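Architecture and fold: a report
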Amino acid sequence: MDKNVIKETMLSLEAAAFQSAREKYFDYVADARLDRSEPIENDEHAQAEVASDFSEALDDTVHDHSDKLDKLRKIDFGPKTTVTEGALVRLSGRYFIIAVSTAKFTCEGREIMGISTMAPIFEAIEGARAGETVEFKERKLVIEDIA
């Protein structure tokens, strides 16, 4: 499997998520503004406060996606022999890319999930080599392949 294609797929998915979060953020910010040229009703004020709270939460989401994009651009996706950042790992029949956390996505016909180096499972598999067995949450997992 070509890890450059995986990286480009992840960048594309993350860019789309970033754009969507950004658009939602701007929509909520617009709803949070009150028209000060007219008298403000109590329910309008309450709705503006709720919209403001949502816009703050969406602001965090926008920053998260932006941070993921920056990180993806910097990761070395070259060949790996141990589980480290940038490695594609087949673990008990499933594929994981060590980069940033993602939902499952399909690339070159295979289902892959991104996990970050902050994920608890990464701590269990970090540094392992193909063929090794690791333990995570009292389960034995086999590192089948690393690329």
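Keep in mind it's a predicted model, so treat the numbers as computed, not measured.

1. Examining the sheet that holds strand β1 (residues 88-91)
- In space, the six strands of this open sheet follow the order β3-β4-β2-β1-β6-β5, with mixed pairing throughout. Here the strands that pair on one side only, and so sit at the sheet edges, are β3 (105-107) and β5 (133-136). Pairwise comparison of adjacent strand axes, ignoring direction, gives a mean angle of 45° for this sheet.
- With four bridges joining them, β1 and strand β2 (residues 94-99) adopt antiparallel strand pairing. Considered in β2, the bridge of Arg 90 is made with Tyr 95.

2. Some thoughts on the side chain of His 65
- Here His 65 lies in helix α2 (residues 42-74).
- Setting aside anything within four residues of it in sequence, one finds His 65 in contact with Glu 14, Ala 17, Phe 18 and Ala 21.

3. Concerning the pairing of β1
- Between the end of β1 and the start of β2, which pair antiparallel, lie two residues, with Ser 92 showing a positive phi angle near 50°.
- One ladder, built from three bridges, connects β1 with strand β6 (residues 139-146); its direction is antiparallel. Counterpart to Val 89 in the pairing with β6 is Ile 146.

So, how was this worked out
- Residues numbered from 1 in each chain as written.
- Predicted model: local features only at pLDDT ≥ 70, side-chain atom pairs only at ≥ 80, totals over all residues.
- Heavy atoms only, no water.
- Pairing = 2+ DSSP bridges.
- Helix = DSSP H or I, 4+ residues; strand = E, 2+ residues; numbered from the N terminus.
- Axes fitted to C-alpha atoms, helices over the stretch in contact; angles between N-to-C directions.
- Contact = heavy atoms within 4.5 Å.

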